[in-house]
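# Chains, contacts and geometry: an overview
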Amino acid sequence: MKLVTHTAILVPITLSLLIVSPLSFSAPADGNIDPGENSLGEMAKTAQNPVAAMISVPFQNNTNFNVGPEEETQNILNIQPVIPFDFSENWNLITRTIIPVISQPKFAPGQDRENGIGDIQFSAFLSPKEPSSGGWLWGAGPIAQLDTATDDRLGAQRWGLGPSAVILRPAGAWVYGALINNVWDVGGDNDRDDINQMLIQPFVNYNFADKPGRYLTFAPIVTANWEADSDNTWTVPLGGGIG
């Protein structure tokens, strides 16, 4: 087995926007409503939890610089509706969809910038309603990648499936944790490259107590393409953002 000797580095800037449904707080897990639970700050912190039992639609905009042979700017707006379901007395089923709206720079002579929708990903996390004794929250389940790209430069033209898991801990002004998944292709255009890709997203958010709803975020999306040459396996963004 050959070790990876090269890593691609991207420098992203992330901006986040959150839309929360009024129904989000109508049915808390314990049946009680805390006095401060409806505050903007509490909503923002809850929305930073990928397995929160709250209907929300986070928007995350990532701007990556020095992309492609011309070192141009790539922009990806992720629209991420989260819808929870009461699965049982002790468990929730949290569905999370990621719809990428992409502005892709040219990668070859004669190409123009391409704008459109990429491949949509859908995850379903089975998650306990109560945190662990140490305050940790977690969820696990399948992830599906859908062949929805509006242009072949914006997607893989393949369908994919795999496992996904997330773990996190809210601690005062901080919310930190990590999400991981691996997707393999299960169909689609056989002329396109096979998919065997891992995603790791550590996240650290700091929420400002004096500015409810405002927070700093560090959440790089690290990917490993196991089908690529060893020199191009890993993509590691470095950067941060504000919400």
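Below, the structure is looked at part by part. (Residues numbered from 1 in each chain as written. Predicted model: local features only at pLDDT ≥ 70, side-chain atom pairs only at ≥ 80, totals over all residues. Heavy atoms only, no water.)

## Observations concerning helix α1 (residues 40–47)
Buried within α1 we find G41, M43, A44 and A47. The buried residues of α1 occupy an angular sector of 165° when projected down its axis, which confines them to one face. (Buried < 20%, exposed > 50% of the residue type's maximum accessible area, 1.4 Å probe, protein only. Helix = DSSP H or I, 4+ residues; strand = E, 2+ residues; numbered from the N terminus. Arc of directions from axis to C-beta.)

## Some remarks on the packing of aromatic side chains
Applying the stated criterion across every chain yields a total of 5 aromatic pairs. For the pair Y206 and F208, a centre-to-centre distance of 5.4 Å together with 90° between the ring planes defines the contact as edge-to-face. The exposure class assigned to F208 is partly exposed, which follows from its relative accessible area of 28%. When the ring of W226 is compared with that of W234, the centres are 5.7 Å apart and the planes differ by 85°; the resulting orientation is edge-to-face. Exposure remark for W234: the relative accessible area of 23% places this residue in the partly exposed category. One aromatic cluster is present, built from ring pairs that chain together W174, Y206 and F208. (Phe/Tyr/Trp six-rings, centres within 6.5 Å; stacked < 30°, edge-to-face > 60°.)

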